[in-house]
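Okay, here's what each chain looks like letter by letter:
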Amino acid sequence: MTIAHEEAVIDPAAVDAIFAQARTANSFTGEVTEEQAQAIYELTKFGPTAFNSQPLRVTYVRSDEARAKLVDALMPGNRAKTASAPLVAILSYDTNWAGQWDTFLPGYSAPKAMYDANPELAAATGNNNAHLQAGYFILAVRSLGFSAGPMTGADFGAIDEAFFPAGDQKSFLVVNIGQPAADAWGEAKPKFSYEDVVRTV
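Residues numbered from 1 in each chain as written. Predicted model: local features only at pLDDT ≥ 70, side-chain atom pairs only at ≥ 80, totals over all residues. Heavy atoms only, no water.

1. Some points on the UniProt feature "domain: Nitroreductase" (unreviewed entry) in the chain
Next up, step 1: Mapped onto this numbering, the UniProt entry annotates "domain: Nitroreductase" (unreviewed entry) at residues 32-178.
Next up, step 2: Taken as a whole, residues 32-178 contains 49% helix and 20% strand, while its terminal C-alpha atoms sit 6 Å from one another. (UniProt positions renumbered as here; feature names shortened; annotations may be inferred. Helix = DSSP H or I, 4+ residues; strand = E, 2+ residues; numbered from the N terminus.)

This is the structure in structure tokens:
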């Protein structure tokens, strides 16, 4: 038991499954049903984002044709595990997220003007908050009993060309999802300690 287990309001087994014993898997088995894929998002959406903006978009890749296109855009070391994973998700952000302001924040549209006037700020906000949601997405995968294999080793320009040719989304992460296979990981890698990264001022 660690101080995290002792202080958590969730069961110690949940602490292990979501955080302490969770690992990035490199090989997978089993299946992920449509209902489970939906449940991953249903948990992800509750994470906070700026102005409730929710810019994350999820593209689940199931067909052989789509999987082949995605695999071709990955670095060589990521191809085999992605080709065989039960489910793969492309995470991207909606480039026109601010255009849906009345949907995600009805009744308070004043801040929208600063994003309309500054496309770079709008893009940075969409990108940053979608990355924030990606963390919730991985935790959601783990909370359903699956392992996640998030990857940035990809040609995201090629992924965007293949999957989002209209330019309405910008991809930034590929996540393999499934039950971990017997050879899913090697030795656990060291993590920085509290003293290494935290200071109180």
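From this point, things continue past the structure.
2. Quick word on the packing of aromatic side chains
Next up, step 1: What the rule picks out here adds up to 8 aromatic pairs.
Next up, step 2: Judged by centre distance (4.9 Å) and plane angle (70 degrees), the ring pair of Trp 97 and Tyr 115 falls under edge-to-face. Taken together, the positions of Trp 97 in the loop between β3 (87-94) and α6 (101-104) and Tyr 115 in helix α7 (residues 112-117) put the pair 18 residues apart, joining distant regions of the chain. By the burial criterion, Trp 97 is buried, and Tyr 115 matches it.
Next up, step 3: By the ring-pair criterion, three or more aromatic residues cluster together here, those being Phe 51, Trp 97, Trp 101, Phe 104 and Tyr 115. (Phe/Tyr/Trp six-rings, centres within 6.5 Å; stacked < 30°, edge-to-face > 60°. Buried < 20%, exposed > 50% of the residue type's maximum accessible area, 1.4 Å probe, protein only.)

3. Thoughts on the nonpolar core
Side chains of nonpolar character tend, in soluble globular proteins, to be buried together.
Next up, step 1: Counting 20 residues, the largest nonpolar core has Leu 91, Phe 137, Val 141, Phe 172, Val 175 and Ile 177 as the members making the most contacts within it.
Next up, step 2: Elements that contribute at least two residues to this core include exactly α3 (34-44), β3, α8 (119-143) and β5 (169-180).
Next up, step 3: If you tally residues by element for this core, the top one is α8, at 6 residues.
Next up, step 4: Leaving out residues up to four positions away in the same chain, Phe 172 has contacts with Leu 56, Leu 91, Ser 92, Tyr 93, Ala 130, His 131, Ala 134, Thr 152 and Phe 156. (Core = buried A, V, L, I, M, F, W, Y, C linked by side-chain atoms within 4.5 Å. Contact = heavy atoms within 4.5 Å.)

4. Brief notes about the packing of α3 against α8
Next up, step 1: Across the interface, α3 lies against α8 with an axial gap of 8 Å and an inter-helix angle of 130 degrees. One element, α3, and the other, α8, form an angle in the oblique class. Between α3 and α8 lies a crossing whose hand is right-handed. Listed contacts from α8 to Ile 40, Leu 43 and Thr 44 of α3 are Gln 133, Tyr 136, Phe 137, Ala 140, Val 141 and Ser 143. (Axes fitted to C-alpha atoms, helices over the stretch in contact; angles between N-to-C directions. Parallel < 35°, antiparallel > 145°, perpendicular 65-115°, else oblique. Left-handed = near helix turned anticlockwise from the far one by under 90°.)

5. Quick look at a nonpolar patch on the surface
Next up, step 1: A grouping of Phe 51, Tyr 108, Met 114 and Leu 121 is seen on the molecular surface, where their side chains present a nonpolar patch of about 350 Å² in accessible area.
Next up, step 2: Summarising the element assignment, Met 114 is placed in helix α7. (Patch = residues over 30% accessible without salt bridge, like charges linked within 9 Å, V, L, I, M, F, W, Y side chains within 5 Å. Areas by Shrake-Rupley, 256 points an atom, 1.4 Å probe, with all protein chains shown as cover. Salt bridge = Lys/Arg side-chain N within 4 Å of Asp/Glu carboxyl O.)

6. Some points on α8
Next up, step 1: Between its first and last C-alpha atoms α8 spans 36 Å; for 25 residues at 1.5 Å apiece the expected length is 36 Å, and the two agree.
Next up, step 2: When α8 is considered as a whole, its buried residues turn out to be Ala 122, Thr 125, Gly 126, Asn 129, Ala 130, Gln 133, Ala 134, Phe 137, Ile 138, Ala 140, Val 141 and Arg 142.
Next up, step 3: Downstream of α8 by one or two residues, Gly 145 has phi in the positive range, about 90 degrees. (Expected span 1.5 Å × (residues − 1).)

7. Observations concerning the side chain of Asp 94
Next up, step 1: With respect to the helices and strands, Asp 94 occurs in strand β3.
Next up, step 2: On the basis of relative accessible area, Asp 94 is assigned to the buried category, the value being 9%.
Next up, step 3: Only 2.8 Å separates the side chain of Asp 94 from the side chain of Gln 100, close enough to count as a polar contact.
Next up, step 4: If near-sequence neighbours (up to four positions away) are discounted, Asp 94 is found in contact with Pro 55, Arg 57, Gln 100 and Asp 168. (Polar contact = N/O pair within 3.5 Å; in protein donor to acceptor, adjacent residues only side chain to side chain.)

8. Quick notes on the environment of Gly 153
Next up, step 1: Residue placement: Gly 153 occurs in the loop between β4 (147-151) and α9 (156-163).
Next up, step 2: Owing to a relative accessible area of 12%, Gly 153 belongs among the buried residues under this scheme.
Next up, step 3: Separated by 105 residues in sequence, Gly 153 and Pro 48 have C-alpha atoms that sit 27 Å apart.
Next up, step 4: Discounting chain neighbours no more than four positions away, the residues touching Gly 153 are Leu 74, Met 75 and Asn 78.

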